[in-house]
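Observations on chain architecture
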Amino acid sequence: MAMTESIAKGFHFPFSVRFEQRLSTPAWLPALTSVGSLVVAFMIGAVVIWAAGGDAIASYEHIVKAAFGDIGVFNDTLVKATPLILIGLACTLAFRMKLWNIGAEGQFYMGAWGASAIVLAPILPPTTPGILMIPIMMLAGFACGALWGLIPGFLKARFNVNEIITTLMMNYIATSWVLFWVFGVWSEAGFQMSPVFPKSAWLPRLTDYAKQFPELGGLTLHAGILFGLIATVVVWFFISRSRWGYEIRLIGDSKQAAFYAGVNIVRNTVLVMMVSGGLAGLAGMAEISGVVHRLQGSISNNYGFTGIIIAWLAKLNPFAVVLVAILFGGLINAGREIQPSGVPRMLQGIILFCVIASDVLLRYRVRIARNQVNHD
Amino acid sequence: MIDWIVILQAGVASGTVLLFASLGEILAERSGVMNLGIEGMMLIGAMTAYKIAVVTGNVWLGMVLAMVAAGVLSLLHALVTINFRADQVVSGLAINFVGIGLSTVLGEGLSKSGAVNLLPTFSLPLLSQIPVLGPILFTNHNPMTYLGYLLTPAAWFYINRTRPGLHLRAVGEHPAAADALGINVYGLRYRYVFIGGLMAGLAGATISLAVSPGWFSDLTTSGQGWIAVGLVIFAQWNPWRAAAGSYMFGALRRLILDLQGPQTLLFFANPFYYMPKLGFFLQMLPYALVILILFIGSREAMKKRLGTPAALGVPYVRGERGL
């Protein structure tokens, strides 16, 4: 089978770009293309910022300084990275199965809502000790996110309804749902936010230990990052080392092969969507319990969509997700003060684009070859 | 009281946005390339059209440049998916993010610009005199709405009754066979992805210069690009069904607004008037309805065993075993 062919068909340049399929991909290449595409993306971003009348160098300098400059801002970066790790893992899990869960944003909101309901409904009285309150909030957050994943997952598995559209539509439904509760039921004095949670519903933060360790004062990093790190190991273990993960990867690589091997595709689809949604829901819980301490309309800095990009840039590797999430946490953290304000989102888009464009290098070797006459 | 004529009239106008976007996507998907970046391309179109209208005062130039801008974005998608054989879903998502981000950056401060020329509205003589249909379809619409009436049958005729349309379907159903017959598979896919981009740009421009004038960042489209992608699946890649769905969703958008006005609804006290917070549930309706129609559509497709162009989402590589 001929593995080479010219891309520039029809044109007659003296040279042509040839793509030759790789039989194996060197282990260092994915990391190299990821870093390379980041660099290219930032260069493209610079051009756009200049075109829009901004100063790209100053913007980037500001991003680095405001994201990683000192312990204080790095703390903020890690706080922003916390939900991103969990959502990046949620997307990684689903994408491994080629299940396009792009509803993490909605699942995040539902998780936040579920955890809030425990405090605000109230399902548990405010005097409940944290040791009981927090795990139940986590459970509720995970469950509500999982429910939001279950619906599209079930429709996909049972009726072959396109999960890309359904998960996305569920996002809009979730935000309206949360707004209804924030404005209508739990509104504090008519404002667009619920009352502040009692302390027992707050995740412990570093600054809470400032009495014993004064140097921790002011650091708002909360226990949610531990959820993220533990989830990373767990997701890695399940994907790479368990039978279930093997089934997921098999379905992702070839649905047909998985079917003939007797893998239960329906059950796995529903299950993966639920766990994926649950992880995103847990991120929502961590965000309101660890950072916001109340339910309000705008709790997500587009975390749900950023998670998609993170998963892809990390090449669906759970450990790489953590690194990339910290990088993007920095981008979001620093981006709050950058003008024009859309720059971080635009950069995210350009990064994703460069990553997928560079994927071709993993699968094909690019050769510049002298055109022969009648090469077709 | 709820005035159905007004709702349907407004529905036809705002449904035109979905119609353009979904017709473009139908052409692209019929050629085998799924472009999930409609929302992003619509935003680029909406922003460009509005910006040009603000700067030059010329709405027509705005419309044209909006189409070009969205078209350029779609060419990126074509390059990455057709040449680089990247996954169409992920590339579409990337197009989306780029579109959203780029339009927010370039549209910075645009929402504060004052009065802007908009597309003119006019009634068609004679046709507007037809009872019921006249006021709904032919009265006080902008030219894009009338263009929509022409494009639907044109797209159907083109796809199903012309030779280029046959080539289009061949490329989407069996690219290897089409290639063997001398049809330029890559070229045609590029062409239809580009047309899809132009149409998405037109849809975006129709929003910002006619249907709901202005630039409100990503709220300008508020998910309509995604609804269009859903409609294409529901429409089973048939322009007529896409038109029916588009106008229905257009009317629904207006109905949701109007439902919250009157004090009584069908002789009962209107809950949406007395408890405005219930309006959040009304806002969910279009999105929930998309899920419902996808569900219905996929059941229908299972029964009739029809639908998806066979090569949709599959990159074509000459000499490699495809389908």
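Below, the structure is looked at part by part. (Residues numbered from 1 in each chain as written. Chains lettered and ligands numbered in written order. Predicted model: local features only at pLDDT ≥ 70, side-chain atom pairs only at ≥ 80, totals over all residues. Heavy atoms only, no water.)

**Description of the overall build of chain B**
Here is the rule we go by: Helix and strand labels come from DSSP, where a helix needs a run of H or I of at least four residues and a strand needs a run of E of at least two; each type is numbered from the N terminus. Taken over C-alpha atoms, the radius of gyration is set against a globule rule of 2.2 Å times the number of residues to the power 0.38. The convention is simple: Lys and Arg are positive, Asp and Glu are negative, and His and the chain ends are not counted. Throughout, a charge is located at the NZ atom of Lys, the CZ atom of Arg, the CG atom of Asp or the CD atom of Glu.
Along chain B, the regular secondary structure elements total 13 helices and 2 strands. Taken over the C-alpha trace, chain B has a radius of gyration of 20 Å; the compact-globule value for 323 residues is 20 Å, and the two agree within 12%. Across its three principal axes, chain B shows a C-alpha extent of roughly 65 × 50 × 45 Å. Taking the average location of the 19 positive side-chain charges in chain B and that of its 12 negative ones, the two points are 7 Å from each other.

**Some details on the interface of chain A and chain B**
The criterion, for reference: In what follows, residue pairs with any heavy atoms lying within 4.5 Å of each other are defined as contacts. Throughout, the accessible surface (probe 1.4 Å) given up by two parts as they are put together, summed over both, is called the buried area. The definition of a polar contact used here is a pair of N or O atoms within 3.5 Å, where within protein one atom must be able to donate a hydrogen and the other to accept one, and adjacent residues in sequence count solely through side-chain atom pairs.
On the chain B side, the residues contacting the 53 residues of chain A number 54 residues. Of the roughly 4700 Å² buried between chain A and chain B on both sides combined, carbon and sulfur atoms contribute 78%. Here chain A is connected to chain B by 3 residue pairs in polar contact (both at pLDDT 80 or more). Of all the secondary structure elements, the ones that give two or more residues to the side of chain A that touches chain B are strand S1 (15–21), helix H5 (130–159), helix H6 (163–185), helix H11 (303–313) and helix H13 (343–363) of chain A.

**Description of helix H2 (residues 56–68) of chain A**
Residues and elements named next belong to chain A. To keep it simple, the criterion reads: The length a helix should cover is 1.5 Å for every residue beyond the first. Note on exposure labels: buried denotes an accessible area under 20% of the residue type's maximum, exposed denotes more than 50%, and partly exposed covers the range between, all computed with a 1.4 Å probe on protein chains only. Summarising the geometry, the arc corresponds to the directions from the helix axis toward the C-beta atoms.
Over its 13 residues, H2 extends 18 Å from the first C-alpha to the last, a length consistent with the 18 Å expected when each residue adds 1.5 Å. Of the positions making up H2, those classed as buried are Ala56, Ser59, Tyr60, Ile63, Ala66 and Ala67. On an axial view of H2, the arc spanned by its buried residues comes to 140 degrees, and they lie on one face. Away from its buried face, by an angle of more than 90 degrees, H2 presents the exposed residues Ile57, Val64 and Lys65. With a side-chain oxygen lying 3.3 Å from the backbone nitrogen of isoleucine 57, the N-terminal cap of H2 falls on aspartate 55.

**A look at a nonpolar patch on the surface**
Applicable threshold: Exposure above 30% relative accessible area and the lack of any salt bridge qualify a residue for a patch; like charges then connect within 9 Å, and the nonpolar side chains Val, Leu, Ile, Met, Phe, Trp and Tyr within 5 Å. Using a 1.4 Å probe, the Shrake-Rupley method yields the accessible areas, and only the shown protein chains count as cover for residues. We define a salt bridge as a contact between a side-chain nitrogen of Lys or Arg and a carboxyl oxygen of Asp or Glu at a distance within 4 Å.
A surface patch of nonpolar side chains, amounting to about 540 Å² of accessible area, comprises Leu226(A), Leu229(A), Ile230(A), Val234(A), Phe237(A) and Phe238(A). Locating Ile230(A) in the fold gives a position in helix H7 (residues 224–241).

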